[in-house]
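# Examination of the molecular architecture
One letter stands for each residue in the lines below.
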Amino acid sequence: MTVDRVYNVLFLCTGNSARSILAESILNGEGKGRFKAYSAGSQPKGQVHPLALDTLRALGYESTSFRSKTWDEFAELEAPQMDFIVTVCDNAAGEACPVWLGHPVTAHWGVEDPAAVEGTEIEKGQAFSKAARFLKNRISAFLSLPLMSIDKLALETRLREIGGLEGSTRPQGQAA
């Protein structure tokens, strides 16, 4: 890892309509040009959940240029080469992923699906805000890692530990 380049990060989820979109926008906002985030899904829903966009707007992040897309777009030869790939839902973590060029560092940061919450609009909005908070906490921890002074194995271990922060869908102590 070097200081003079932008690192590409791909956030994966099944539907690419909520959590992966939130993570993409938050990292692009917080990464301050050091990172370029993308998102995709194994079975994209075809549209971004409106509450994901509302949540991003409310938090001051980019909310206008997103689309729900397949992860196959990022497995093509002309796609940007990823440095990091992070699954944010347990379903995507368990699926057979495409072969990623360049052997990116991978981790799982499972967060409950806010789009699956049923209830009032306020309860649904709270679920999206909570998911965004958990993802922002993980992204903040990721951004604080000393990328230039840590080897790939240690980096992958640290990224997986970040996945166990508050709000993790995996029980404490369970390997990612």
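Quick note: structure is the one above.
### Section: the sheet that holds strand S2 (residues 35–41)
Strand order in the open sheet formed by four strands is S2-S1-S3-S4, with parallel pairing between adjacent strands. Pairing within the sheet leaves two strands with one partner each, and these edge strands are S2 and strand S4 (105–108). Between one strand axis and the next, the sheet turns by 20° as a mean value, whatever way the strands run. Sheet topology places strand S3 (residues 84–87) next to S4; four bridges connect them, and they run parallel. Residue pairing across strands places Thr87 opposite His108, the latter belonging to S4. Sitting on the sheet, helix H5 (residues 152–162) touches S3 and S4, and the angle it makes with S4 is about 20°.

### Points about the pattern of salt bridges
Counting across every chain of the model gives eight salt bridges. Between Asp113 and Arg19 there is a salt bridge, with the nearest N and O atoms lying 3.8 Å from each other. Highlighted residues: Asp113 in the loop between S4 and helix H4 (121–143) and Arg19 in helix H1 (residues 19–30), separated in sequence by 94 residues. Of the residues examined, Asp113 reaches a relative accessible area of 29% and is grouped as partly exposed. Under the relative-accessibility criterion, Arg19 is labelled buried at 9%. For the salt bridge of Arg57 with Asp54, the shortest nitrogen-to-oxygen distance reads 2.5 Å.

### Section: the packing of aromatic side chains
In this structure the tally under the stated criterion is seven aromatic pairs. Ring centres of Tyr7 and Phe84 lie 6.3 Å apart, and the angle between their planes is 65°; on these two criteria the pair is classed as edge-to-face. Within this pair, whereas Tyr7 is found in strand S1 (residues 7–13), its partner Phe84 is found in strand S3, the two being separated by 77 residues in sequence. Across the pair, exposure class does not vary: Tyr7 and Phe84 are buried alike. Counting every residue linked through ring pairs, the aromatic cluster contains Tyr7, Phe11, Phe35, Phe84, Trp109 and Phe142.

### Focus: unusual backbone geometry
Positioned with a positive phi, Asn16 is a non-glycine residue whose angle comes to about 45°. The topology assignment puts Asn16 in the loop between S1 and H1. Looking at Asn16, the relative accessible area reads 0%, which means it is buried. With phi around 45°, Lys32 is a residue other than glycine that occupies positive phi space. For Lys32, the location among the structural elements is in the loop between H1 and S2.

Reading the values: rules and limits
- Within every chain, residues take consecutive numbers counted from 1 along the sequence as written.
- Since the coordinates come from a predicted model, pLDDT governs what is reported: local features require at least 70, and pairs of side-chain atoms require 80 or more to be given and counted, while whole-chain, interface and lining totals use all residues.
- Derived side-chain values reflect all non-hydrogen atoms in the structure, with water molecules and hydrogen atoms excluded from consideration.
- Two strands are said to pair when DSSP picks up at least two bridges between them.
- Only DSSP runs of H or I covering at least 4 residues are called helices, and only runs of E covering at least 2 are called strands; the numbering of each starts at the N terminus.
- Where helices are involved, their axes are fitted lines through C-alpha atoms of the stretch in contact, as for all axes, and angles between N-to-C directions lie from 0 to 180°.
- Residues count as neighbours in contact if any of their non-hydrogen atoms are within 4.5 Å of one another.
- Think of a salt bridge as a Lys or Arg side-chain nitrogen and an Asp or Glu carboxyl oxygen that are within 4 Å of each other.
- Per-residue accessibility, obtained with a 1.4 Å probe over protein chains only, is compared with the maximum for each type, and a residue is labelled buried under 20%, exposed over 50%, and partly exposed between these values.
- Between 30 and 60 degrees the pair is tilted, below 30 it is stacked and above 60 it is edge-to-face, where a pair is any two Phe, Tyr or Trp rings, Trp via its six-membered ring, whose centres lie within 6.5 Å.

Distances and angles like these do not, on their own, reveal function.
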